[in-house]
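Structural characterization, general
In case you want the letters, here they are:
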Amino acid sequence: MVLETENIWKKIELIQNSAADAMAGRLLFVPDEPARDVGVISAGDLPPKKGLSYKEGQARLLHDLASIELQAMELGLRTLIEFQGAPPGFRDELHAVVLDEARHLKLCLQAIEGLGFSWGQWPVHLALWNAVDASDSLLDRILIVHRYLEGSGLDAGDTFMRKLDGVAEGAIHKVVRLICNEEVGHVEFGSRWYRNICALEKIDPQNDFSKRMDGLRYRVPKRIEKISRKLRILAGFTESEIVYLENLRERIVKFPAKTL
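Residues numbered from 1 in each chain as written. Predicted model: local features only at pLDDT ≥ 70, side-chain atom pairs only at ≥ 80, totals over all residues. Heavy atoms only, no water.

Notes on empty space enclosed by the protein
- For the coordinates displayed, the defined rule picks out two cavities of 30 Å³ or more.
- The calculated volume of the largest cavity comes to roughly 80 Å³.
- Surrounding the largest cavity, Tyr-148, Ser-152, Asp-155, Arg-223, Glu-225, Ile-227, Arg-232, Leu-245, Leu-248 and Arg-249 form its lining.
- Breaking the lining of the largest cavity down by element, the ones donating at least two residues are α4 (138-164) and α8 (239-254).
- Tallied by class, residues from the lining of the largest cavity come to four nonpolar, one polar and five charged.
- Of the volumes computed, that of the second largest cavity is approximately 40 Å³.
- Forming the boundary of the second largest cavity are Ala-72, Gly-76, Leu-94, Val-97, Glu-101, Val-145, His-146 and Glu-150.
- The class makeup of the residues in the lining of the second largest cavity is four nonpolar, two polar and two charged. (1 Å grid on protein atoms, 1.4 Å probe; cavity = no way out; pocket = protein on both sides within 12 Å on 5 of 7 lines; lining within 4 Å. Points joined across faces, edges and corners; volume = space filled by probe spheres on them. Helix = DSSP H or I, 4+ residues; strand = E, 2+ residues; numbered from the N terminus. Nonpolar A, V, L, I, M, F, W, Y, C, P; charged D, E, K, R; others polar.)

Laid out in structure tokens, this is it:
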């Protein structure tokens, strides 16, 4: 299975069948951590990066992005395994998202190699994977993965694209641009189904968002990228949800050493 396979290219090769097996209920086991063929360290211990004017800096950005896309793919597969009773429409759309993440991952790996580098030249982290838990409800999982983690990716992607504006056009621009554009749809999927599930459970999503985030924010990675209002709105966030995230970011920036 993908989660127990170390080689990253093999993971991409296996994901379509693994996702289909998860959809059919034939995959039931989720390991504590997904296997890796590279060094794994905490996110705070990752080595410093060169600027994007250097090929190494571009390759490192793509390497970090590949690690994020890999975790996103694996988290989608994990949700398919752990939430067999989720609405069929949700599972169908998530299946498509998982395959999108695999395609994004492959594009990153190919672009890294095109720059003369390779997967594994830098260590990676598992912060995204470790942000979820087997005890999550479906609303928890949607909020953490698709609205917080992937939503934060929209903010970071917006920043990356602005920085790349000052770099000569190359393969990295095409890859990052494509991923950023398609991730808006992935986050919108999370926003839409968050509200759909709230409706099914007779929960007010506007009240639930802040309360649920207050309970979950202690185990998700701290994000300091400026919130991209334009992309967040496109991805289905309401004004009150954006304000909550902006306030959370402000507290993190002001008090980075404290648990918020």
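Continuing now.
Quick look at the pattern of salt bridges
- Enumeration according to the criterion identifies 26 salt bridges in this entry.
- In this structure, the salt-bridge partner of Glu-74 is Lys-11, at a minimum N-O distance of 2.9 Å. Separated by 63 residues along the polypeptide, Glu-74 in helix α2 (residues 55-82) and Lys-11 in helix α1 (residues 8-23) bring together distant segments of the chain. For the pair formed by Glu-74 and Lys-11, the shared burial category is buried.
- Glu-93 is the salt-bridge partner of Arg-192, the closest N and O atoms lying 2.9 Å from each other. Residue Arg-192 is located in helix α5 (residues 171-200), and its partner Glu-93 is located in helix α3 (residues 88-114); the two are separated by 99 residues in the primary sequence.
- What emerges from the salt-bridge pattern is a single network uniting Arg-78, Glu-82, Asp-136, Arg-141 and Arg-219. (Salt bridge = Lys/Arg side-chain N within 4 Å of Asp/Glu carboxyl O. Buried < 20%, exposed > 50% of the residue type's maximum accessible area, 1.4 Å probe, protein only.)

These figures capture arrangement, not role.
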